[in-house]
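Breakdown of the fold
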Amino acid sequence: MKKNSKDCFCALCRSPRKLRYSRYLSGQNYLQILVLTLCVTAATYPWFTWKGACTLPIIWGLFESIHKSLYRKDLKCPYCGFDPKWYKKDVKLARQKVEEFLKQNPESPVLRRVRQEDSTYTHLN
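Anyway, here's the lowdown on the structure attached to this text. (Residues numbered from 1 in each chain as written. Predicted model: local features only at pLDDT ≥ 70, side-chain atom pairs only at ≥ 80, totals over all residues. Heavy atoms only, no water.)

Within the protein, the secondary structure is distributed over six helices and two strands. The N-to-C order of helical and strand elements in the protein reads β-β-α-α-α-α-α-α. A burial count over the protein gives 24% of its 125 residues as buried. Restricting to contacts in the protein with at least 6 residues of sequence separation, those with at least 24 account for 47%. (Helix = DSSP H or I, 4+ residues; strand = E, 2+ residues; numbered from the N terminus. Buried < 20%, exposed > 50% of the residue type's maximum accessible area, 1.4 Å probe, protein only. Contact = heavy atoms within 4.5 Å.)

This next bit is on the packing of aromatic side chains. Across all of its chains, the model carries three aromatic pairs by this definition. Centre to centre, the rings of tyrosine 30 and tryptophan 60 are 5.8 Å apart; their planes meet at 90 degrees, and the pair counts as edge-to-face. Here tyrosine 30 is found in helix H1 (residues 27-43), whereas its partner tryptophan 60 is found in helix H3 (residues 56-75), with 30 residues between them in sequence. Overall, the relative accessible area of 38% leaves tryptophan 60 in the partly exposed class. Considering the side-chain rings of tyrosine 45 and tryptophan 50, the 5.3 Å spacing of their centres and the 70 degrees angle between planes classify their relative orientation as edge-to-face. Take tyrosine 45: its relative accessible area is 37%, and that puts it in the partly exposed class. Positioned above the aromatic ring of tryptophan 86 is the side chain of lysine 89, whose terminal nitrogen or guanidinium carbon lies 5.5 Å from the ring centre. Over the face of the ring belonging to tryptophan 86 we find lysine 97, whose NZ or CZ atom lies 4.7 Å from the ring centre. (Phe/Tyr/Trp six-rings, centres within 6.5 Å; stacked < 30°, edge-to-face > 60°. Lys NZ or Arg CZ within 6 Å of the ring centre and 35° of its normal.)

On to the pairing of strand S2 (residues 16-19). Residues of S2 alternate between two faces, with Arg17 and Leu19 buried on one and Pro16 and Lys18 left unburied on the opposite face. The pairing of strand S1 (residues 6-9) with S2 spans four bridges and is classified as antiparallel. Considered in S2, the bridge of lysine 6 is made with leucine 19. Hairpin connection from S1 to S2: six residues lie between these consecutive antiparallel strands, with arginine 14 at a positive phi of about 60 degrees. (Pairing = 2+ DSSP bridges.)

See below:
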């Protein structure tokens, strides 16, 4: 099964990106939560009877937190380290994080592109 992805561009380096996760849970995720809750309720029925259905908010919370963390991880640009969530919270901190990322990854395609542009400008002068 092919995973759906959303095509977009990085706001900083303009690199093409594919986001695999959406911001919200899909209908398929809600169906998975329901089926898992029914399975847990059926497995714990001898001990808890129908009180096992109270696991629904716990399972939903786990799904929600895991999905949000995967979305946040997917949102960060792998080429320049730009994270729009950090930019929305604090611009200076987001800039500092991008600079740290580029220092730690000197072979980043973004830096190679900047070096090539610098070399073409020096040849023109």
